[in-house]
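Fold and contact review
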Amino acid sequence: MTPDSDAPVETVWQGRFITAKKQGRWEYVSRARGIRAAVIVAIDDDGHLILVEQYRVPLGRACLELPAGLVGDDGADEAVEIAAARELEEETGYRPGRIELLGEYFSSPGMVSGSFTLVRARDLVRVGEGGGVEGEGITVHRVKLAEVPAFVADCRARGLAIDVKLLLVLAQSLLA
């Protein structure tokens, strides 16, 4: 525990999806209204990883990512598995036969209190084009697992940002 752990939490600003807070000397951001997130590892039966590319305003450029989405953003008490299946189909056009929970993770714990639940989508069936909801402009990529490191390197060379969660699938090539 730090001296700041007992300090009162002050809400500095709150928007629809995020809240800026201050606690002692710490400033951080949390998700508003109990919203959670699901990140999806989707590998089809042919050994291809499903990735998405989407322009991200905070970065000022497109970012290569695992498919992901918000859980309970419409105020409903929603199961992670239901939200993950919905978001995967919406973003990529793939419907999972089943969703396996892989645990809760924190992506930037010194700055953001929010976490995401990592899930594995299995038994994928292509039911549409994907691309997200109107205005999201999501591009779907289907990449052979063995080719993911080279694909990510090519995307980085083209100026795309690379989401930290891709370290999950790059770990073996980075640690070799």
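Right above here is the structure, for reference.
Residues numbered from 1 in each chain as written. Predicted model: local features only at pLDDT ≥ 70, side-chain atom pairs only at ≥ 80, totals over all residues. Heavy atoms only, no water.

**Considering the pattern of salt bridges**
For the structure shown, the criterion picks out 11 salt bridges. Here D44 ties to R142 by a salt bridge, and the two come within 2.6 Å at their closest N and O atoms. Here R142 lies in strand β12 (residues 139–144) and D44 lies in the loop between β4 (36–42) and β5 (48–56), a separation of 98 residues in the sequence. Residue class for D44 comes out buried when judged on its relative accessible area of 10%. Residue classification places R142 among the partly exposed residues on the basis of a relative accessible area of 41%. Here R98 ties to D123 by a salt bridge, and the two come within 3.2 Å at their closest N and O atoms. With R98 in strand β9 (residues 98–105) and D123 in the loop between β10 (116–122) and β11 (125–126), the pair connects residues that are 25 residues apart, well separated along the chain. Residue R98 is classed as partly exposed on the basis of its relative accessible area of 46%. Residue classification places D123 among the partly exposed residues on the basis of a relative accessible area of 40%. (Salt bridge = Lys/Arg side-chain N within 4 Å of Asp/Glu carboxyl O. Helix = DSSP H or I, 4+ residues; strand = E, 2+ residues; numbered from the N terminus. Buried < 20%, exposed > 50% of the residue type's maximum accessible area, 1.4 Å probe, protein only.)

**Considering the sheet that holds strand β3 (residues 26–31)**
Across the sheet, which stays open at both edges, the three strands sit in the order β1-β2-β3 with antiparallel pairing between neighbours. At either margin of the open sheet sits one strand with a lone partner, and together these are β1 (9–14) and β3. Shown here is a sheet whose adjacent strand axes are inclined to one another by a mean of 30°, direction ignored. Examined bridge by bridge, β1 and strand β2 (residues 18–23) share five bridges and lie antiparallel to one another. When the sheet's bridge partners are listed, W13 is paired in β2 with A20. (Pairing = 2+ DSSP bridges. Axes fitted to C-alpha atoms, helices over the stretch in contact; angles between N-to-C directions.)

**Considerations on the sheet that holds β10**
Whether parallel or antiparallel, the strands of a sheet pair through hydrogen bonds between backbone atoms. The strand order across the open sheet built from four strands is β7-β4-β10-β9, with neighbouring strands paired in mixed fashion. The sheet terminates laterally at β7 (68–71) and β9, the two strands that pair on one side only. On average, adjacent strands in this sheet sit at an angle of 30° to one another, irrespective of strand direction. Pairing of β4 with β10, which is carried by five bridges, proceeds in the parallel orientation.

**Overview of the pairing of β2**
With antiparallel pairing between neighbouring strands as the criterion, β1 and β2 make up a hairpin whose turn holds three residues. Between β2 and β3, which pair antiparallel and follow one another directly, the connecting turn spans two residues, one of which, G24, has a positive phi of 60°.

**Details of the packing of aromatic side chains**
A complete count under the given rule lists one aromatic pair for this structure. One cation-aromatic arrangement involves R33 over F17; the distance from NZ or CZ to the ring centre is 5.9 Å. The aromatic ring of F116 is capped on one face by K165, whose charged end is 5.3 Å from the ring centroid. (Phe/Tyr/Trp six-rings, centres within 6.5 Å; stacked < 30°, edge-to-face > 60°. Lys NZ or Arg CZ within 6 Å of the ring centre and 35° of its normal.)

**Topic: the side chain of R120**
Structurally, R120 is set in strand β10. Comment: no salt bridge for buried R120; closest opposite-charge side chain is E100, at 6.1 Å. (Lys, Arg positive; Asp, Glu negative; His and termini not counted.)

**Some details on the pairing of β5**
Most of β5 is tucked away: seven of the nine residues are buried. Here β5 pairs with β12 via six bridges, running antiparallel. Note that in β12 the partner of E53 across the bridge is T139. Direction of pairing for β5 relative to strand β6 (residues 61–65): antiparallel, over a ladder of five bridges. Note on β6: the bridge partner recorded for V52 is E65.

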